[in-house]
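Spelled out from the first residue to the last, the chains are:
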Amino acid sequence: MKRKIIGVTVLFIIFAILGSLLVLERPQNSDLTAYEVQAQKIFEEAKSQFEGIRNVTLPPNIKLSVYTKQQAVDRWGKDPSGVDTVSVLRQENIYKSLFLIAENDSLGGVTAEWTTGWMAASVGNEIYVIYENFWPWDMPDAIATLIHELTHVWQSGLPASTSHDTDRAHSALVEGDAAYMADYYRAQYNNRINSEDSEYNNRLPVFIDSLRLNSVQPSVPDAVTELNWFSYIKGKTFVAALIDDGGWDRLNHCYIPAHTPSTTTQIIHPDKYFAGKTAKPTLTPTPVDDNWTRIPSRYGFASDSYGEYFIYVMLSRWLNDSQAQQVASGWSGDSFTYYEKGSDFMFTWNITWNSVQNASEFNQTFRDMLNLAQANLQGIDTWFTNGKYLTLTWDPNAESTLIVCSTNQAATEASFFNYQSQS
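Along each chain, numbering runs from 1 in the same order as the chain's sequence is written. Local features in a predicted model are, by the rule used here, given only for residues with pLDDT of at least 70; side-chain atom pairs are given and counted only at 80 or more, and totals for whole chains, interfaces and linings are based on all residues. Water and hydrogen atoms were dropped before computing side-chain values, which therefore reflect all heavy atoms in the structure.

So, about helix H7 (residues 222-253). Look at H7: only 34 Å from first C-alpha to last across 32 residues, short of the 46 Å you get at 1.5 Å a residue. Bend, at a single residue, is the angle you get between axes fitted to the 7 residues ending at that residue and the 7 residues starting at it. Labels follow the DSSP assignment, with helices taken as runs of H or I lasting at least four residues and strands as runs of E lasting at least two, numbered in each case from the N terminus. Along its length, H7 shows its largest kink, about 125°, at Gly246. Expected helix span is taken as 1.5 Å per residue step, with the number of steps being one fewer than the number of residues.

What counts as a ring pair is set by centres within 6.5 Å for rings of Phe, Tyr and Trp (its six-membered ring), and what kind of pair is set by the plane angle: stacked under 30 degrees, edge-to-face over 60, tilted for all other angles. A full pass over the atoms with the stated rule returns 27 aromatic pairs. Through pairs of rings, three or more aromatic residues link up here, namely Tyr95, Tyr306, Phe310, Phe336, Phe347 and Trp349.

Bringing the pattern of salt bridges into the picture now. Should a side-chain nitrogen of Lys or Arg be within 4 Å of a carboxyl oxygen of Asp or Glu, the pair is scored as a salt bridge. For the structure on display, the rule yields 14 salt bridges. The salt bridge partner of Arg54 is Asp177, with a shortest N-O separation of 2.9 Å. Pair noted here: Arg54 is in helix H1 (residues 32-54) and Asp177 is in helix H6 (residues 164-192), with a separation of 123 residues, a long-range link. Residue classification places Arg54 among the buried residues on the basis of a relative accessible area of 5%. Only protein chains enter the accessibility calculation, which uses a 1.4 Å probe; a residue whose area is less than 20% of its type maximum is buried, one above 50% is exposed, and one in between is partly exposed. Judged by its relative accessible area of 0%, Asp177 falls in the buried class. For Arg186, the salt bridge goes to Asp141, with nearest N and O atoms at 2.6 Å. Taken together, the positions of Arg186 in helix H6 and Asp141 in helix H5 (residues 141-154) put the pair 45 residues apart, joining distant regions of the chain.

The next thing to look at is the sheet that holds strand S8 (residues 331-341). DSSP bridges decide pairing: two strands pair if at least two such bridges lie between them. What the 7 strands build is an open sheet, ordered S7-S8-S9-S13-S12-S11-S10; its pairing is antiparallel. Sheet topology places strand S7 (293-295) and strand S10 (376-377) at the edges, where each strand pairs with a single neighbour.

Let's shift gears to the sheet that holds strand S4 (residues 126-130). The mixed open sheet is built from 3 strands, whose spatial order is S2-S4-S3. This sheet does not close on itself; its edge strands, each paired only once, are strand S2 (63-67) and strand S3 (120-123). For this sheet the average axis-to-axis angle between neighbouring strands, irrespective of direction, equals 25°. Of the strand pairs in this sheet, S3 and S4 are connected by 4 bridges, and their pairing is antiparallel. When the bridges of S4 are listed, Ala120 appears paired with Val129. Most of the contacts of H5 go to S3, to which it runs at about 20°, and overall it touches S2, S3 and S4. Between the N-to-C directions of two axes lies an angle of 0 to 180 degrees, each axis being a line fitted to C-alpha atoms and, for a helix, fitted only over the stretch in contact. Whether two residues are in contact is decided by their heavy atoms: any pair within 4.5 Å suffices.

What follows concerns the confidence of the model for the protein chain. On average, the protein chain scores 83 in pLDDT, and the residues at 70 or more come to 80%. Every residue is assigned a pLDDT by the predictor, reflecting its confidence on a scale from 0 to 100. Below a pLDDT of 50 lies the segment residues 1-28, which in the model reaches 108 contacts outside its immediate sequence neighbourhood of four places, other chains included. Across residues 195-218, where pLDDT falls below 50, the model places 52 contacts with residues more than four positions away in sequence or in other chains.

In structure tokens form, the structure reads like this:
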């Protein structure tokens, strides 16, 4: 089964800007008819520009629609079948146990708040612009935004993601491609038009970067913001490396399933992608007590993989950026499983490293992180904080480290587990 890049899933745009932060002096009551006419006019120009840059033909039935913020939230920010509160709670358990987010943080409501910041989105062959956030007279950024979304419409399907890490890698390819295309057009526009002759010289907006998002989305935890924006920021640098290596053909080659990036490591380190370095199969620890129920990952598999970037974000919440990057870059593979028994939860996270030295560095760095997070040390390898026990196990001769966390103390004992091949 193939994962459709532009299907029912809305793909976000890195140029998402809340109306309150635009430096444009936009009329508060602009004529909707004039707005729609201008939007359609630049939409046709964007299609022409896209086809010229990429040397392709777009589908003939692409449609542009104008939505208000509320219409966008009603359609995408609210799940008509109801929010899966159980899955949200499980994710919160994981993030809080690993100190990515604070105990008083909540992941509920994040989708709706994130949605109100879009400028544009695409679903199938339809592109939507958000009336309060998108100003169709703002050049070159308005056309660049539409080119971003047209890239999504044009992109082909990718294999279905099998893990968190693979999903991030796939998203980085498609979002990085779209962001690069928008920047490429913007650079061409600025080269064509002399700045002092442009009527838009003083109307260019200040784009939000990943460090400023929480100033307008205060309820979204920093770590969640950083995980969400990986696809856009890191994806664009990955795409730039592909084009530098072999032009548009090299980029297009990535959409062939056998050549699609499969790990965030490949996105962060394009040389590893070029070398064909993929994740190592990693053993999955399972409890001897068969009363624990293993919860399938969101991708339908018994275990998940979080990858290098997730580890980097986790460590960077507490340690300096360069240290977090250095330690995370030693990642080679991982296997994450989540269990429940009655009111208790447990997860195991087995991480494979490139070398014994890399495993040793993570072992020490993770302990440093727990110390900075003021986790309560119970023994050499055990901590207890906020009703959860966490253990870190490492054999000094091994290239892997094992983290176990549970509300049940006995469940965290290393002797409680068997190992099986990656499932």
